[in-house]
Every structure is written in C-alpha cells, then in structure tokens.
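# Residue-level structural notes
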Amino acid sequence: MNGGFLHEVVTLDRLESLARDAGADAARQVRTPTGGYIDLVITIGTHRIAVEAELTSKRVANDLEKAVSAEATELWVVTPVPRTARSVKRGLNRVNRNCKTPVVFVLTLGRAIQRLTNCFSLFSGSLTPPENKKQITNNPQNTKGPKP
Amino acid sequence: MKPKIPPSVEELIYAQQHGLLEDLEGQAVMRLIDAGISDKFAQGLVTDRVRRHATAQAFAGPFATTRKLRTGKIILGLDLKGRQLRIPLQYFNGHTLVVSGSGGGKTVQARWFVLQVAQHLKGLWLFDLRKKEFAILKPLLARVGVELIVLPGRSLKLNPLQVPEAVDPTDWATRIADVLVTVLQLPQRAGKLIQTTILLMYRDFGVLKGGDSYPTLFDLRERIAADTKANAQARQAVIDSLDPVLLSIGSVLRWRRGWTADTLASHHIVFELGGLAETDKDLILNTLVLGVFASRIARNVSNARMNLWICCDEAGRLVSASSQTGGISDLIALVRGTGVGLYLATQSADLSPIVLSNTAIKFLGRCGSARDYDTIGGAMGLTAEQRHYLTQTLVPGMFAGQVGEGAWRRPFLFRIPEYDLRPPTPNSIGSGLGRLPGPQAREPDDPFADVAVEEAVVFRDWYPGIAASVTTRSTPTPEPATSSPSLCEAELRFLNAVIDHPGQPSGAYPPIAGIGAQRAQTIRQRLVQLGYLREHRVQTGGRGRAAIVLEPLEAVHAILDESDSQGAKT
C-alpha cells in the first residue's frame with residue numbers, strides 16, 4: 001500500500017537504494033497475478049525478495065498471500081521498531097499456511113539493511129540459484145538463518 | 001457565696017436574651033419593670049412568653065428558634081418551621097465561609113445565593129475552581145436582565161505586571177513580587193530579584209513615566225535568565241517556577257495590556273479554571289483580586305458598600321491551613337472594607353486561622369468527620385450538645401448558620417429550598433466574550449470600545465531555551481495571527497538539511513547544518529513544537545536504541561520559500 005513518510009521515504013526508498021547499489025533490480029509497487037501490489041520487489045538472478053513495509057500487524061496475512069502469488073523466494077516484512085516486529089510475528093503465527101509459502105523474515109529497518117548488505121554482496125548473476133543459496137547459508141553472518 | 005436570683009428575674013433575663021420583649025407590648029413591660037412596677041400582670045406576660053418559647057425550643061432541639069433574620073433582600077433559606085430567614089445583602093460584605101462534605105449542598109447553596117445577589121450588584125465573579133457549576137445559571141439570570149459571561153480559564157487576557165488603575169507602579173512592583181513569591185513558592189531572595197527586575201523593566205518600558213505598555217511575565221523570565229550577575233539559586237528558582245506557568249497559560253499571560261480587574265469588576269463573570277494547574281489558578285485569582293483591591297485602596301475606597309461579590313466553589317486549597325500558597329488567606333483580611341465580599345466553600349475544616357477570623361458569616365453543612373464539626377463548630381460558638389445534634393441531624397441542603405453582622409449572633413438551623421435549574425443551552429458558554437475588551441468584534445455602543453488590549457507578539461510561540469530578543473519596550477506590531485514565526489539562520493540551515501537528506505536519523509543533521517549537537521537538539525524540539533517537523537522512532541541500526549527520524553511537514557516548504565525570497569531581495 002502507498003504510505004506516508006515513514007513507509008515510503010524512510011523504509012522503502014532506503015532499501016531500494018541499497019538494493020540497487022548492491023547490483024540488484026528493485027521495483028516499487030509490483031502488481032501480483034491476484035491483483036495486489038507488493039511494496040518493493042528486489043530481484044537478483046532467480047532470487048526474488050518481496051519487501052513489505054508495515055507499521056502495524058493488520059495486513060500480514062495479505063502480505064503473505066501476495067508474496068505467494070508473486071512466487072517470491074523470500075518475504076521481508078520490514079517494521080520501524082522491534083515492538084511492531086514482534087506484533088507482526090504473532091500475527092504471522094496465526095496465519096494458516098496450507099500452501100507452499102516463501103521464507104518469511106520479520107525485520108526492523110536496521111536489520112533489513114544489515115541483511116541486505118550481508119546477502120547481496122554474495123549474490124552473483126553468474127551463479128545458479130542453488131549456488132547463490134549456498135553462498136548465503138555458508139556466510140558466517142547468516143549462521144542463525146531464517147526460521148522455517 | 002453567690003446570691004440566689006429570683007425566678008422572675010431569671011425569666012426576665014431569658015426573655016431579654018432571646019429577644020422576646022422587643023415588640024411594643026414587650027417594651028411596655030420592660031418600662032414597667034424599669035420603673036419598679038413589677039406586678040403580677042406584667043410578670044405574667046413575661047412568664048407566658050418565656051414558657052411558650054422554652055416549650056418551642058424543647059421541640060426544636062438545641063438551636064435557637066429565632067424571631068430575627070426576618071428582613072433583608074437575601075433569603076438564606078427556610079427554618080425548621082418553613083419560615084423564610086432573611087439577611088440584608090450587605091451582610092455578605094463581611095465574607096462567608098461554608099464547610100460541608102461532598103454532596104452536602106454547598107454548590108446548591110452557592111447557586112441559590114448567586115441567583116439572589118446577582119441582580120443587586122454591579123460585579124459578580126464566580127470561580128469554578130474544580131468543576132463547571134455556575135454556567136447553568138446563565139439563562140436564569142438572563143430572565144432578570146443579568147448577563148452572565150462564562151470565561152474558560154485559557155481565554156482570559158491578563159498581565160499580572162500591568163499596574164491597576166490609580167496605583168503607583170513602584171507600589172505594585174512590591175505587591176506583585178510578593179504574590180509571585182507566594183504563588184510560585186519561591187525563596188525570599190528570589191522575591192528581591194523579582195522586585196528589582198520588575199522595577200527595572202518598568203523603567204525600560206516607560207511605565208514609571210506613565211507608559212501603558214507593560215512588561216509581561218515572559219519579559220520577566222527572559223530578563224532574569226539573562227542576568228548572569230544575579231544570585232544563581234534565586235535566578236534558577238524563578239526560571240524553574242515560571243516556565244511551567246508560561247507554558248501552561250502563556251496565551252493568558254502574553255498581553256502587555258490585558259483586561260484590567262476594574263473592567264472585569266463591573267461584570268457578572270464565571271471563571272472556569274477547572275482545567276488549569278493549581279499554580280495557574282492561584283496566579284489568576286491573585287492577579288484579579290489583588291488588582292481590584294489595590295486599585296480601590298489607591299482611590300481611597302474605605303468601608304464602601306459591597307458592589308463586587310466573589311464566590312469560590314471548592315476553595316479548599318485556597319483556604320487550607322496546610323497549604324498557604326493560594327494567597328487568599330492574606331487577601332481576605334485586606335479586601336474587607338473595599339466593597340468586595342468573598343464567599344468560600346470548602347469540603348473540610350482544614351482552614352487557615354485567618355480565614356476563620358475574617359469570615360463573619362459561617363455555614364456548616366453535613367460533614368463526614370467529627371473534626372470538621374469540632375473546628376467549625378468551635379469557631380461558630382456551638383456547644384457540645386449542638387455539635388452532637390448536628391452530627392445526627394444535618395442532611396444534604398440543611399446547614400447550621402451564624403451571621404456575624406447585625407445584632408443576632410446565635411447559631412440557627414436552616415435549609416435551602418428546592419428549586420429547578422434548566423440545563424444550559426449550547427451557546428451559553430463563551431458567548432459573552434464579545435462584551436469584553438478585545439481586538440475584534442467591537443460594537444459602536446460597546447462600553448469597552450475605548451479599552452484596547454496589546455499582545456506581546458514576540459512571545460506567541462515562546463518556549464524555554466529560545467529567548468525572544470525583547471528587553472525594551474516594543475511597539476505594537478499588527479501581525480496577523482496566521483503569520484509564521486521567524487526562524488533564525490541555524491534553524492533554517494537545519495530545515496534545509498532535513499529537506500535535502502530525508503529519512504536520516506536526527507544525529508546526521510548537525511554536521512550537515514554546521515551546528516553543534518546540543519544546539520541541534522534544542523532547534524529540533526522547537527521546530528517540532530512549531531509544526532515544521534514530525535519525529536518518528538525508527539530502528540535504523542541493527543541494535544541499540546531507536547533513532548529519531550525527522551519528517552518535514554508542509555509548512556517547511558512555505559517558510560523556506562519565504563526565506564529564499566527574502567534572501568534574494570537582500
């Protein structure tokens with residue numbers, strides 16, 4: 001959804017700028033086959049990250065649906081403060097995930113920037129998707145990895 | 001050995017004490033007895049009256065059944081037999097104290113008196129210190145031709161440093177310095193600093209030479225803050241105490257020339273101060289009451305007939321013995337004799353001795369504590385039997401009273417008759433503002449057309465830390481209310497940095513704008529307060545505290561364009 005200063009300028013502009021600097025393709029307001037719009041889609045090679053900036057936990061189920069329909073590899077729900085992130089996580093736990101869903105990360109803006117920086121330096125368009133994935137999992141900064 | 005008094009003499013004394021021989025027949029009997037003619041017929045008349053009165057008294061309880069209090073414009077209420085008890089209006093000039101617990105009928109009684117008093121007086125001030133109880137009387141008083149003006153506390157235009165009519169500025173500086181020390185609970189040394197500063201400002205503003213543009217409390221605060229040679233503790237005490245008041249009721253106090261107490265004293269006004277802090281209430285109340293008093297004293301008004309009645313509902317804090325910051329305790333002894341009557345209603349008998357000493361009329365309603373009955377009962381001269389009787393007899397709306405004025409001093413019981421009040425209409429609040437002196441909406445026949453107020457425009461957006469550069473008399477600038485406050489060079493640079501680098505943590509802007517971190521913090525807070533920026537908390541880092549991200553609001557562009565155009569002109 002189109003949001004205000006916090007949503008657009010602080011969160012999405014910054015992530016988009018960083019993603020482009022890292023060599024990825026970034027597109028705002030990408031339409032999904034089901035008719036929804038994803039705030040930001042970052043693509044590098046075959047890896048596709050759907051980024052949704054959320055100030056509340058009300059729309060997380062919708063975010064997940066959009067990410068599934070867009071066949072995103074990962075869904076990043078980016079929040080301004082940890083409190084909202086916790087709330088979003090609780091909201092996600094309540095969502096019934098019957099179909100195959102992407103890996104979901106709930107991150108504050110700082111964490112999202114950190115992850116973007118850590119991951120994208122390891123991606124390469126010359127590598128195949130499994131090789132790129134291997135790059136991420138072997139990276140010591142990502143040893144914790146996402147929760148399934 | 002004490003000689004035994006004959007029963008006939010005892011009866012005579014009883015009859016005299018209870019005023020049973022004051023009619024024509026009684027006076028004839030007294031003349032006979034004085035002449036030494038005490039026959040059975042004359043004695044029988046006395047005995048008959050005494051027995052009837054004693055019998056009636058036995059049924060009435062320990063309180064005197066009075067034949068007095070039958071004349072006067074004001075109906076106190078009804079006695080136990082349903083007869084009206086009346087007093088002259090001028091009895092209220094001796095001040096009234098009402099002590100009654102919550103629900104005891106204080107407000108009902110106050111409204112009852114207001115309805116009777118209003119039409120006979122030139123001025124009536126009703127202070128709603130806690131609730132909003134008096135606005136409801138507006139339509140009722142309108143029926144008798146009295147316009148009751150309801151003023152919310154923050155709509156007032158006052159300047160405590162404005163010298164009242166006919167008062168010498170030097171005298172007023174001393175008085176108002178004392179008030180500020182009392183109200184703001186300042187040390188004595190701060191009082192001296194305040195007094196000196198006020199006098200210096202009066203000189204700079206030309207007040208001592210008859211000028212009518214006065215310094216404000218904002219000027220006082222800034223001048224003391226800038227006086228680095230002043231005693232540091234006293235200076236800091238003044239600043240610490242004045243800042244909350246100026247922030248809270250700055251709109252009330254930022255007038256170089258506001259409404260004078262004399263002007264207000266000729267109107268019927270409800271001051272709704274319920275939403276204000278206690279210090280703010282004290283300051284407003286003292287400014288008004290002291291202003292009226294000082295002006296009347298300066299005009300040699302002494303032992304005048306009452307023409308202003310001030311009623312304070314829920315005045316517990318003002319008259320409390322434990323909290324002497326209100327200042328009413330000091331004023332109550334002074335305003336007597338200047339034609340100002342005070343009516344103070346409180347819930348408990350935690351009363352300053354000065355208040356007890358200076359209230360001629362006392363009413364005691366239903367209380368919840370024996371201490372209240374004892375304290376106020378002691379001041380009214382109630383016997384132990386009467387106090388015990390009251391604890392079991394008083395109901396809401398019933399009071400034990402004592403009228404200090406006049407010849408009748410015995411306590412009596414009375415109740416306020418039931419009366420209906422229609423609910424106030426929506427336009428009853430604030431509709432009276434047009435009658436008071438103000439810059440707008442002056443009608444040609446308005447008695448205040450010649451009375452003008454002058455706003456200290458420089459303090460319109462004042463906040464602590466950014467001093468307005470005003471130390472001398474300013475000429476009134478007719479600045480429109482919609483004009484934007486001026487920003488300094490550093491503030492404009494900060495705004496430009498925020499516009500050029502949006503979404504950054506606030507700590508990123510000081511080096512961009514070329515200002516220090518501490519000053520940047522002050523500037524940021526001011527710009528947020530002025531509505532140019534909005535703060536958001538965002539976790540921009542991987543760990544640690546959330547950063548403050550600044551969002552420029554629409555007003556920023558207008559003021560930056562304005563400053564650019566001014567820069568281009570120069």
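Residues numbered from 1 in each chain as written. Chains lettered and ligands numbered in written order. Predicted model: local features only at pLDDT ≥ 70, side-chain atom pairs only at ≥ 80, totals over all residues. Heavy atoms only, no water.

## Overview of the overall build of chain A
Within chain A one finds five helices and five strands. When the helices and strands of chain A are listed from N to C terminus, the series reads α-β-β-β-α-β-α-β-α-α. Taking all contacts inside chain A whose residues are at least 6 apart in sequence as the whole, residues at least 24 apart take part in 58%. As displayed, chain A offers around 7,800 Å² of accessible surface, 50% of which is attributable to carbon and sulfur atoms. (Helix = DSSP H or I, 4+ residues; strand = E, 2+ residues; numbered from the N terminus. Contact = heavy atoms within 4.5 Å. Areas by Shrake-Rupley, 256 points an atom, 1.4 Å probe, with all protein chains shown as cover.)

## Digging into helix 17 (residues 489-500) of chain B
If you check helix 17 of chain B, its first and last C-alpha atoms are 16 Å apart, about what twelve residues at 1.5 Å a residue would give, namely 16 Å. Of all the residues in helix 17 of chain B, the buried ones are Ala490(B), Glu491(B), Leu492(B), Phe494(B), Leu495(B), Ala497(B) and Val498(B). (Expected span 1.5 Å × (residues − 1). Buried < 20%, exposed > 50% of the residue type's maximum accessible area, 1.4 Å probe, protein only.)

## Overview of the environment of Ala547(B)
Residues and elements named next belong to chain B. Here Ala547 shows up in strand 15 (residues 547-552). Residues Ala547 and Arg537, ten residues apart in the sequence, show an inter-C-alpha distance of 5.6 Å. In contact with Ala547, not counting residues within four places along its chain, are Pro505, His536, Arg537, Val538 and Thr540.

## Some remarks on the interface of chain A and chain B
Contact residues are listed per partner, giving 14 residues for chain A and 13 residues for chain B. Of the roughly 1,000 Å² buried between chain A and chain B on both sides combined, carbon and sulfur atoms contribute 67%. For chain A, the biggest contributors to the area lost against chain B are Phe5(A), Leu6(A) and Arg14(A); these three give 42% of the whole. Inspection of the region where chain A meets chain B yields zero salt bridges. The set of elements that each furnish at least two residues to the side of chain A that touches chain B consists of helix 1 (5-21) and helix 4 (109-120) of chain A. Of the residues contributing to the side of chain A that touches chain B, the split by class is nine nonpolar, three polar and two charged. (Buried area = accessible area lost by both parts, 1.4 Å probe. Salt bridge = Lys/Arg side-chain N within 4 Å of Asp/Glu carboxyl O. Nonpolar A, V, L, I, M, F, W, Y, C, P; charged D, E, K, R; others polar.)

## Topic: the sheet that holds strand 2 (residues 37-44) of chain A
All names here are of chain A. Spatially, 1-2-3-4-5 is the arrangement adopted by the five strands of the open sheet, whose pairing is mixed. Each edge of the sheet is formed by a strand with only one pairing partner; in this case those strands are strand 1 (25-31) and strand 5 (103-108). Averaged over all pairs of adjacent strands, the angle between strand axes in this sheet comes to 25°, irrespective of strand direction. The pairing of strand 4 (residues 74-79) with strand 5 spans six bridges and is classified as parallel. The partner of Trp76 across the bridge, within strand 5, is Phe105. Taken strand by strand, helix 3 (residues 82-93) contacts strand 4 and strand 5, and its axis lies near 160° from that of strand 5. (Pairing = 2+ DSSP bridges. Axes fitted to C-alpha atoms, helices over the stretch in contact; angles between N-to-C directions.)

## Some words on the nonpolar core
Residue and element names in this part refer to chain B. By size, the foremost hydrophobic cluster in this structure holds 93 residues, and its most contacted members are Trp125, Phe127, Leu220, Phe271 and Leu364. Non-local contacts of Leu364, meaning those with residues more than four positions away in its chain, are made with Val99, Tyr373, Ile376, Met380, Leu382, Leu390, Leu394, Met398, Phe399 and Ala400. Counting residues in hydrophobic clusters, the runner-up holds 43 residues, among them Phe113, Val146, Trp309 and Phe414. (Core = buried A, V, L, I, M, F, W, Y, C linked by side-chain atoms within 4.5 Å.)

## Topic: the packing of aromatic side chains
Working definition: an aromatic ring pair is given by the centre-to-centre distance plus the angle between the planes. Residues and elements named next belong to chain B. Inspection of the entire model under this criterion finds 16 aromatic pairs over all chains. Summarising the aromatic geometry, the rings of Phe113 and Phe363 are spaced 5.9 Å apart at their centres and angled 35° between planes, so their arrangement reads as tilted. Residue Phe113 is found in helix 4 (residues 106-117), and its partner Phe363 is found in strand 10 (residues 361-364); the two are separated by 250 residues along the sequence. Here Phe113 matches Phe363 in class, with each residue buried. (Phe/Tyr/Trp six-rings, centres within 6.5 Å; stacked < 30°, edge-to-face > 60°.)

## Comments concerning helix 15 (residues 370-380) of chain B
Residues and elements named next belong to chain B. What helix 15 keeps buried is the set Asp372, Tyr373, Ile376, Gly377 and Met380. On an axial view of helix 15, the arc spanned by its buried residues comes to 110°, and they lie on one face. Capping the start of helix 15 is the job of one residue whose side-chain oxygen sits 3.0 Å from the backbone nitrogen of Arg371: Ser369. Directly beyond the C-terminal end of helix 15, a positive phi value near 80° is found at Gly381. (Arc of directions from axis to C-beta. Polar contact = N/O pair within 3.5 Å; in protein donor to acceptor, adjacent residues only side chain to side chain.)

By themselves, these observations are geometric and do not establish any function.
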